[in-house]
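One letter stands for each residue in the lines below.
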Amino acid sequence: MKFILIISLVLATFGLVSAQDLSFEELENAPSSQIDGLEFIDQLTSQKEAVEKARVRVLKPQPLPPPEVRPDAFRAVIPKGTVITRLSDDIDFKTSKRIQVWAQEVYPGSLTTHILDKNKLASFSARSINVVPIEEDLKLTPSINPKITYDRSAGLKYSAFENNLKIKADLSWELESIAPNFWNQVFNQSLESASGTRLTLKTFYDDFRLPIKFGLGLSYQNAAASDEGFEIKWTALFIGPQISYTLINRDSWQMDLEAQASAATFSSARTSNERYSPSSYEWGLAGKLVRKTWLGDFLASLEYRTNYISLNEGSDEANLSDQKVSQTSLALSLGYRIGFDL
């Protein structure tokens, strides 16, 4: 036991073990002279710890600049999940939602911004990159007194206007299949069908605030029908209002429903014997598929039309009956959409 105690004393002497590392039995059985040596070793250990603690230098934060030198406080927004540090005890917190605060930079362009309390005193700090100023945004809105109830029906004092008129234009080429009922009645024929082509331009006011888009359509028709010993060809230029409603809108495609009514500003029909100038108007319903690509928006539509025609002058071959028969048609079109501002 004495041998172990002597080795422990030697190790303690060289700083390899302290008196606290010895067991109670070793200290109890040791002679008084050896206990005095242990107390001396404890004193040396305490001196060593004091020297090591003296070597540790605690850095204190630099004092804040005087208030007159610091930038002015400003209103800001702190996003959700921002880490803020309480200045009183240096404890970090994470914001659970987006909050609006008063903030102040430590100095112009500092990496740290202080968050002020209701008395405009610095309470927290955050990285400046996470403190978003909103002073300029708040200047765009009028100051509202929360204690006053505003009557919207009294008129709008503040309003905004869009200087640009957003237009979308659909240009398409159509193949049209027509049931020539009117021509059969007028010329006493039994034409089974007629075919035609159209070049159509539809323009709409494209305002995201309106669920229905209003516009104007222009369509040029060229059609013909024939039977044994009889042929008729006619052309017409239609113009009229259009409306469009977006039924489905996805990132790469959308589906529109359209309705239109138009009248022929110019119309001409001719047979092998005579030339006529009929009056004509029509209405139609269409379903349009829009495919969005990096080259633009491509269109494909199917439209059903009902056309009403009348003749103001007769001839030997024309039978002007008081009973008017409408003509129906079905058109398949392909086109391209162009958007621009006026």
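Residues numbered from 1 in each chain as written. Predicted model: local features only at pLDDT ≥ 70, side-chain atom pairs only at ≥ 80, totals over all residues. Heavy atoms only, no water.

Chemist: Could you clarify how one ought to interpret the overall build of the protein in this entry?
Modeler: Helix and strand counts for the protein come out as five helices and 16 strands. Taken over 342 residues, the protein has a buried fraction of 31%. Contacts in the protein between residues far apart in sequence, at least 24 positions, make up 60% of those at least 6 positions apart. Roughly 23,300 Å² of accessible area belongs to the protein as shown, and the carbon and sulfur atoms make up 57% of that amount. (Helix = DSSP H or I, 4+ residues; strand = E, 2+ residues; numbered from the N terminus. Buried < 20%, exposed > 50% of the residue type's maximum accessible area, 1.4 Å probe, protein only. Contact = heavy atoms within 4.5 Å. Areas by Shrake-Rupley, 256 points an atom, 1.4 Å probe, with all protein chains shown as cover.)

Chemist: Explain the side chain of threonine 95 to me, please; I cannot follow it from the model alone.
Modeler: Among the structural elements, threonine 95 can be located in the loop between strand E3 (91–94) and strand E4 (99–105). With residues near it in sequence (within four places) discarded, threonine 95 still touches Ile78, Pro79, Lys80, Gly81, Thr82 and Ile84.

Chemist: Explain the sheet that holds strand E2 (residues 83–86) here, please?
Modeler: In a beta sheet, neighbouring strands are held together by backbone hydrogen bonds and run either parallel or antiparallel to one another. The sheet built from seven strands is open, its strands ordered E3-E2-E6-E5-E4-E1-E7 with antiparallel pairing. Either end of the sheet is taken by a strand with one partner, and the two such strands are E3 and strand E7 (132–133). (Pairing = 2+ DSSP bridges.)

Chemist: Help me out: how do you make sense of the confidence of the model for the protein in this one?
Modeler: Parts of the prediction with low pLDDT should not have their coordinates interpreted in detail. Per-residue pLDDT for the protein has a mean of 82; in total, 75% of the residues score no lower than 70. Note on residues 1–6: pLDDT is under 50 here. Beyond four places in sequence and across chains, it has six contacts. In the predicted structure, residues 9–25 sits below a pLDDT of 50 and forms 18 contacts with residues beyond four places in sequence or in another chain. (pLDDT = per-residue confidence, 0-100.)

Chemist: Any chance you could explain the pattern of salt bridges here in plain terms?
Modeler: Two side chains with opposite charge may pair up if their charged atoms get near one another. In total, this model carries 16 salt bridges according to the counting rule given. The salt bridge partner of arginine 305 is glutamate 176, with a shortest N-O separation of 3.3 Å. Of this pair, arginine 305 sits in strand E15 (residues 296–310) while glutamate 176 is found in strand E8 (residues 166–179), placing the two residues 129 residues apart along the sequence. Comparing arginine 305 with glutamate 176, the two get one shared label, buried. For arginine 305, the salt bridge is made with glutamate 282, and the minimal N-O distance between the two is 3.8 Å. Taken as a pair, arginine 305 in strand E15 and glutamate 282 in strand E14 (residues 279–293) lie far apart in primary sequence, 23 residues in all. Classification of glutamate 282 by relative accessible area gives buried; the value is 3%. Among the charged side chains, a salt-bridge network with shared partners connects Asp170, Glu174, Glu176, Arg198, Lys202, Asp256, Glu258, Glu282, Lys288, Glu303, Arg305 and Arg337. (Salt bridge = Lys/Arg side-chain N within 4 Å of Asp/Glu carboxyl O.)

Chemist: Can you help me understand the environment of valine 106 in this one?
Modeler: Residue placement: valine 106 occurs in the loop between E4 and strand E5 (112–116). Each C-alpha atom, one on valine 106 and one on proline 65, is 7.4 Å from the other, the two residues being 41 residues apart in sequence. Leaving out residues up to four positions away in the same chain, valine 106 has contacts with Leu64, Pro65, Arg70, Pro71, Thr112 and His114.

Chemist: I tried to follow the pairing of strand E9 (residues 194–205) on my own but got confused; where do I start?
Modeler: The two faces of a sheet get side chains in turn, since along a regular strand they alternate between them. Here E9 shows a buried face lined by Ala194, Gly196, Arg198, Thr200, Lys202 and Phe204 and an unburied face lined by Ser195, Thr197, Leu199, Leu201, Thr203 and Tyr205. Where E9 and strand E10 (residues 212–227) come together, ten bridges link them in antiparallel fashion. Pairing of leucine 201 across the sheet is with leucine 218, part of E10.

Chemist: Even after reading the chapter, I still don't get the nonpolar core, so can you show me in this structure?
Modeler: Within soluble globular proteins, side chains that are nonpolar tend to cluster in buried spots. Residues Trp183, Phe187, Ile232 and Trp234 are the most contacted members of the largest nonpolar core, which totals 17 residues. Of all the secondary-structure elements, those providing two or more residues to this core are helix H5 (181–187), E10 and strand E11 (230–249). Here this core takes four residues from H5, the largest share from any one element. Those residues in contact with isoleucine 232, other than ones at most four positions away along the chain, are Trp183, Phe187, Leu191, Ala223, Ala224, Ala225, Ala269, Arg270 and Thr271. (Core = buried A, V, L, I, M, F, W, Y, C linked by side-chain atoms within 4.5 Å.)

Chemist: Just checking my understanding: could you explain the pairing of E11 for this structure?
Modeler: Strand direction decides the pairing type here: E10 and E11, joined by 16 bridges, are antiparallel. Each bridged residue has a counterpart across the sheet, and for alanine 225 the counterpart in E11 is isoleucine 232. The turn joining E10 and E11, which pair antiparallel and follow one another in sequence, is formed by two residues; a positive phi near 80° is taken by glycine 229. With 14 bridges joining them, E11 and strand E12 (residues 253–270) adopt antiparallel strand pairing. If you follow isoleucine 248 over to E12, its bridge partner there is methionine 255. Here E11 folds back onto E12 in antiparallel fashion, the turn holding three residues.

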